[in-house]
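# Reading the structure
One letter stands for each residue in the lines below.
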Amino acid sequence: MSKDVGNEDLGNRIAQFSQEETRHWTPNRRDFLRMLGAGAAVAAASPLSAFANSTSASALRSRLLQDDRFWASINSMFVLDPGRTFMNIGTAGSMPKISLDVFDEENRTKARNSGSGYTNLLAERTKVAPGFGVDPDELAFSANTSSGMCHAILGLDWKAGDVVVTTNHEHPGGDVPLQIAVHRYGIEVSRVALPVGNDQNAETYVNLFEQRIRELRAGGKRVRAMMWSSPTYKTGTMLPIAELMEVAKRNELISIVDGAHLPGMMAYDYARLGMDFMSGAGHKWQCGPGSTGILIVRNKIRGSNPLPLPKWYPIHTSSYPTTPPVRTTTGTATYDIGSIITSCGSLHTPMFSALVKACELWDQIGRKKIETYDLTLSQYLKEKIAERWGVERLYSPKDDPRLVSAITSFNPFHNTADVLNSTKSGTFVSRMLSDYNRGFVIRNVNVPVIGAPSDHWPVRISTHLWHNASDIDRLVDAMWDLSKKLG
């Protein structure tokens, strides 16, 4: 559907950097773990103390500077306003020039030819699916994360009394369809209260979910599913998918992941992880247009998850056979579930062509390179915060790499109790934009904290491939200055 725009030029621009210059960001998930000095200790699920305080801010800064020229070139592929520093990618990303060109060209072609959008976008899904480790039949294009969560949750064959174990840090995109299922089907929702801060590890979450499931079943409840966010939008804590998938499989549960921030940030192989559903955004870290999302649906049996596929029906489609499709019990798909979900009337095809182009750019740069760079920036920020304010100010964990994402939440206030003041928190966010050179676009967020009288309101910062160490240095200095001014 879309014409390739700028692929040759893009390839030349990326290829101009020698292997020597880019070797530090090899496409290997262990890069980030080795960088933190964790390595095999983390892979073996060692206690938190085994890798705490392993890397200083200065060492992380040196690491970032090694490939500064490469990432500066990537930054030039975007049209971001140079008068601002955009650090709220968790809310909205920015389309690269190559996607903007495709979006403009295809909109004009569509208008010129009075084109329709009756398609299941199979060709586009075929291009994108390998970057996420799945087959085209397992990948659907949705309108956004919330749309995908509605598909996942409301398409299941719930029975009254079914229990979903989830958390108290979920986004409305997942909470709202859960509530609809409560009202419509009579399901029950049991919420695990999540910790905040650095004093936690992946095993913390395994134990929390396992304990809740045991308690519910001991009380005669029929636990049917687990739903969680990775990472949470409130603190950026990457609830450990691989470890929680083991919990789901041991307990024979349906697994639903709100992965709003995963596409474009993390280089995950979703077939290997094996969750039943992962709903992510196209417009955040993946830098596609608004109203685009990536929905992964397990559509065949693999060794990563040998459980039967859950019975599921589409809720938003114009493509459904007269004979109900039967889900496979083998490693071969019986039908293209991605096509059924994607196909719904006439689609705005230029939108999805632009998303595909952004995905192709990520694949060319290297999704592992982007993941490692994003996480290194995030870790550098977390270490700078710990040095300046103290590690106890972090709402995001930093010392277990399995829990780290490119989102950082913390309490910046001189008076720590001011984090309970939503108005002052909002003022901090607005003045970070208005009071400083190349003003900083960040946000705040409400966070339920165990034992607190009310929600906390830390600030939230997103670090992505158009940032560098100097941006973080300026940000930290500005936040420190503003915290003193606000008293």
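We now turn to the structure provided with this report. (Residues numbered from 1 in each chain as written. Predicted model: local features only at pLDDT ≥ 70, side-chain atom pairs only at ≥ 80, totals over all residues. Heavy atoms only, no water.)

Here the focus is the packing of helix α7 (residues 97-112) against helix α15 (residues 349-365). Interaxial distance between α7 and α15 falls to 8 Å at its minimum, and their mutual angle equals 155 degrees. The angle between α7 and α15 falls in the class roughly antiparallel. Handedness of the crossing formed by α7 with α15: right-handed. Judged by residue contacts, I98, S99, V102, F103, E106, N107 and K110 of α7 engage T349, P350, M351, S353, A354, K357, A358 and L361 from α15. (Axes fitted to C-alpha atoms, helices over the stretch in contact; angles between N-to-C directions. Helix = DSSP H or I, 4+ residues; strand = E, 2+ residues; numbered from the N terminus. Parallel < 35°, antiparallel > 145°, perpendicular 65-115°, else oblique. Left-handed = near helix turned anticlockwise from the far one by under 90°. Contact = heavy atoms within 4.5 Å.)

Core analysis: the largest hydrophobic core is formed by 100 residues, its most contacted members being Y270 and M432. For M432, the contacting residues outside a window of four places in its chain are G439, F440, I442, L475, A478, M479 and L482. By size, the runner-up hydrophobic cluster in this structure holds 23 residues, among which are A140, L156, I254 and L295. (Core = buried A, V, L, I, M, F, W, Y, C linked by side-chain atoms within 4.5 Å. Buried < 20%, exposed > 50% of the residue type's maximum accessible area, 1.4 Å probe, protein only.)

What follows is about the pattern of salt bridges. One pass over the full model with this rule turns up 33 salt bridges. When the shortest N-O distance is used, the salt bridge between E383 and K398 registers 3.1 Å. With a gap of 15 residues between them, E383 in helix α16 (residues 367-388) and K398 in the loop between α16 and β9 (407-410) connect regions that are remote in the sequence. Note on accessibility: E383 and K398 belong to one class, buried. With a shortest N-O distance of 3.0 Å, D481 and K485 are connected by a salt bridge. Here D481 pairs with K485, and both are found in helix α18 (residues 469-486), just 4 residues apart, close to one helical turn. Via salt bridges that share partners, D135, D137, E138, K300 and R302 belong to a single interconnected network. (Salt bridge = Lys/Arg side-chain N within 4 Å of Asp/Glu carboxyl O.)

The omega torsion across S230 and P231 is -5 degrees, close enough to zero to call that bond cis. Take P231: it is sitting in the loop between β5 (222-229) and α12 (241-250). We note that S114 has phi near 50 degrees; this positive angle belongs to a residue other than glycine. Position of S114 among the secondary structure elements: in the loop between α7 and α8 (122-128). The residue E252 is not glycine, and still its phi comes out positive at about 55 degrees. Take E252: it is sitting in the loop between α12 and β6 (254-258).

What follows is about the packing of aromatic side chains. Considering all chains together, one arrives at 10 aromatic pairs under this definition. Aromatic side chains F70 and W71 sit 4.9 Å apart centroid to centroid with 90 degrees between the ring planes, which places their arrangement in the edge-to-face category. Residue F70 shares its accessibility class with W71, and that shared class is buried. Seen in terms of ring centroids, W71 and Y373 are 4.3 Å apart; in terms of plane orientation they differ by 10 degrees. Their pairing is stacked. Of the two residues, W71 sits in helix α6 (residues 68-75) while Y373 sits in helix α16, which places them 302 residues apart along the sequence. Residues W71 and Y373 agree in their burial class; the two are buried. Aromatic ring contacts, followed pair by pair, group F70, W71 and Y373 into a single cluster. (Phe/Tyr/Trp six-rings, centres within 6.5 Å; stacked < 30°, edge-to-face > 60°.)

Hydrogen bonds along the backbone pair up the strands of a sheet, which may run parallel or antiparallel. Strand order in the open sheet made by the 7 strands is β2-β8-β7-β6-β5-β3-β4, with mixed pairing throughout. This sheet does not close on itself; its edge strands, each paired only once, are β2 (139-142) and β4 (188-192). Averaged over neighbouring strand pairs, the angle between their axes works out to 20 degrees when direction is ignored. Bridge analysis of strand β3 (residues 162-167) against β4 gives 5 bridges, and the strand direction is parallel. What sits directly across from V164, in β4, is V189. Sheet contacts for α12: β5 and β6; angle to β5, the most-contacted strand, approximately 175 degrees. Here α15 sits on the sheet and contacts β2 and β8 (293-297); the angle it forms with β2, its principal contact strand, is near 125 degrees. (Pairing = 2+ DSSP bridges.)

With that out of the way, let us pick up α18. With 18 residues, α18 ought to run about 26 Å at 1.5 Å a step, and its terminal C-alpha atoms sit 26 Å apart, in line with that. Within the sequence span of α18, burial applies to A469, D471, I472, D473, L475, V476, A478, M479, L482, S483 and L486. One or two positions beyond α18, positive phi appears at G487, with a value near 75 degrees. (Expected span 1.5 Å × (residues − 1).)

Mapped onto the secondary structure, S229 falls in strand β5. A polar contact is formed between the side chain of S229 and the side chain of E170, at a distance of 2.6 Å. The contacts of S229, once residues within four sequence positions are left out, are E170, T237, L239 and D258. (Polar contact = N/O pair within 3.5 Å; in protein donor to acceptor, adjacent residues only side chain to side chain.)

What follows deals with the environment of L295. With respect to the helices and strands, L295 occurs in strand β8. Judged by relative accessible area, which is 1%, L295 ranks as buried.

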